[in-house]
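One-letter residues, chain by chain:
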Amino acid sequence: MESSTPHESYNLNIQTPVGDLRASVAVPTGFIPITDIIPLMRSLGEQAHQLATDNTTQAGDTISCRKGCAACCRMMIPVSPPEAMALLAVVEALPSAKKERLLERFQAAQRTLRNAGLEDGLKRLAFSEDQGTDEELEPLNRAYYALQMPCPFLEDEICSIYEQRPSACRELLVTSPAELCQDLIQNPIQLIPSPFRIGTVLSKLWRDCYQGPVRLIPLPYALDWATVYKSQYTRTWSGPELLSRALDAAAEYLQRQSP
Ligand code: SF4
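## So, the environment of Thr 62
Piece 1. As for its position among the elements, Thr 62 is in the loop between helix H1 (38-58) and strand S4 (78-79).
Piece 2. Looking at Thr 62, the relative accessible area reads 56%, which means it is exposed.
Piece 3. Residues Thr 62 and Gly 117 lie 55 residues apart in sequence; the distance between their C-alpha atoms is 39 Å.

## Brief notes about the packing of helix H7 (residues 198-210) against helix H9 (residues 239-257)
Piece 1. The contact between H7 and H9 brings their axes to 8 Å, and the two run at 125°. One finds that H7 runs oblique with respect to H9. For H7 against H9, the interelement crossing comes out right-handed. Taken together, the residues of H9 that come into contact with H7 (itself represented by Thr 200, Val 201, Lys 204, Leu 205, Arg 207, Asp 208 and Cys 209) are Leu 242, Arg 245, Ala 246, Ala 249, Ala 250, Glu 252, Tyr 253 and Arg 256.
Piece 2. Residues of the contact of H7 with H9, tallied by class, amount to eight nonpolar, one polar and six charged.

## As for helix H2 (residues 81-92)
Three or four residues apart is the spacing at which side chains of an α-helix point the same way, because the helix has 3.6 residues per turn.
Piece 1. For H2, built from twelve residues, the straight-helix expectation of 16 Å at 1.5 Å per residue is met to within 8% by its first-to-last C-alpha distance of 17 Å.
Piece 2. Within H2 the residues assigned to the buried category are Pro 81, Pro 82, Glu 83, Ala 84, Met 85, Leu 87, Leu 88 and Val 91.

## Some remarks on the pairing of strand S1 (residues 7-16)
Piece 1. As paired elements, S1 and strand S2 (residues 19-28) share ten bridges and run antiparallel to each other. What sits directly across from His 7, in S2, is Pro 28.
Piece 2. Remark: two residues form the turn of the hairpin made by S1 and S2, two consecutive strands paired antiparallel.

## Some points on the side chain of Ser 238
Piece 1. As for its placement among the helices and strands, Ser 238 is situated in strand S8 (residues 237-238).
Piece 2. Residue Ser 238 is classed as buried on the basis of its relative accessible area, which comes to 17%.
Piece 3. What Ser 238 contacts, discounting residues up to four positions off in sequence, is Thr 29, Gly 30 and Phe 31.

## Quick word on the side chain of Thr 16
Piece 1. Turning to its location among the elements, Thr 16 is positioned in strand S1.
Piece 2. Note on Thr 16: relative accessible area 10%, which makes it buried.
Piece 3. Of note is the side chain of Thr 16, whose polar atom sits 2.7 Å from the backbone oxygen of Gly 19.
Piece 4. In this structure, Thr 16 is in contact with Leu 21, Leu 51 and Leu 254, ignoring residues within four places of it in sequence.

## Re helix H8 (residues 222-229)
Piece 1. Among the residues of H8, those classed as buried are Ala 222, Leu 223, Trp 225, Ala 226 and Tyr 229. Looking down the long axis of H8, one finds its buried residues gathered within 160° of arc, a one-sided arrangement.
Piece 2. Buried-residue contacts for H8 involve S4, H2, helix H3 (96-115), helix H4 (119-127), H7 and strand S7 (217-218).

## Regarding the pattern of salt bridges
Piece 1. Taken as a whole, this structure holds 17 salt bridges when the rule is applied.
Piece 2. Here Arg 215 makes a salt bridge to Glu 129, at a shortest N to O gap of 3.9 Å. One end of the pair, Arg 215, is in the loop between H7 and S7; the other, Glu 129, is in the loop between H4 and helix H5 (134-146), and 86 residues separate them in sequence.
Piece 3. By relative accessible area, Glu 129 is classed as exposed at 59%.
Piece 4. We note a salt bridge from Arg 245 to Glu 241, for which the minimum N-O separation is 3.0 Å.

Parameters and conventions
- Residues numbered from 1 in each chain as written.
- Predicted model: local features only at pLDDT ≥ 70, side-chain atom pairs only at ≥ 80, totals over all residues.
- Heavy atoms only, no water.
- Helix = DSSP H or I, 4+ residues; strand = E, 2+ residues; numbered from the N terminus.
- Buried < 20%, exposed > 50% of the residue type's maximum accessible area, 1.4 Å probe, protein only.
- Axes fitted to C-alpha atoms, helices over the stretch in contact; angles between N-to-C directions.
- Parallel < 35°, antiparallel > 145°, perpendicular 65-115°, else oblique.
- Left-handed = near helix turned anticlockwise from the far one by under 90°.
- Contact = heavy atoms within 4.5 Å.
- Nonpolar A, V, L, I, M, F, W, Y, C, P; charged D, E, K, R; others polar.
- Expected span 1.5 Å × (residues − 1).
- Pairing = 2+ DSSP bridges.
- Polar contact = N/O pair within 3.5 Å; in protein donor to acceptor, adjacent residues only side chain to side chain.
- Arc of directions from axis to C-beta.
- Salt bridge = Lys/Arg side-chain N within 4 Å of Asp/Glu carboxyl O.

If you want it as structure tokens, here you go:
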């Protein structure tokens, strides 16, 4: 967001399962697309995750995750629609040779998924109204992870879009020994529970702004999805209205998490 444009500031106090989240935020008073609210919402998610991490470390546990460990970059990463649009913009801005190499990796990933018989299930999540239940998704998640296929954005075991990576990638931290992450299905992993899944909040915001299901797009199809729909979803909202809608989506999410 441009700092020279007029902004409206807010002091937020959001109650999460791991403590109160207090933040001062500012949004442009003018009209912005839904993708412009992503950095602010990710920042709230990261602060909530930090609260959870602090609680964990104060209890005596340590975080095992380190730069260069990309074990969880072989999982199926769910991407919210606004983040899929933002990812497409990131990729479109890459130098052409880098973009070409990246798109080849996306195509290779899709071939691997097709050959493994997972394409239909994953494309259903990306493109159909039927998102299925968590129970239905579990076998798909397991089959995806069993392929041990690196995310197309992974280069030399480092995320090539680290600053712009999806919210879901920011919410995976473990306290169990890093070696156990080599097989997340067989080994007993201690994951720090995410108090505030911003990908889901952004998907709810998308549903409220554009109608439709709370969609989470499997990452290998996120660029395809955004390419198909980018000319259709071009509405803008005033910054304060979009923030208000996003906070409503967050409140709905947190209410569903409370016991
Ligand atoms: S986007 Fe980056 S952090 Fe996320 S799975 Fe891909 S390589 Fe890993």
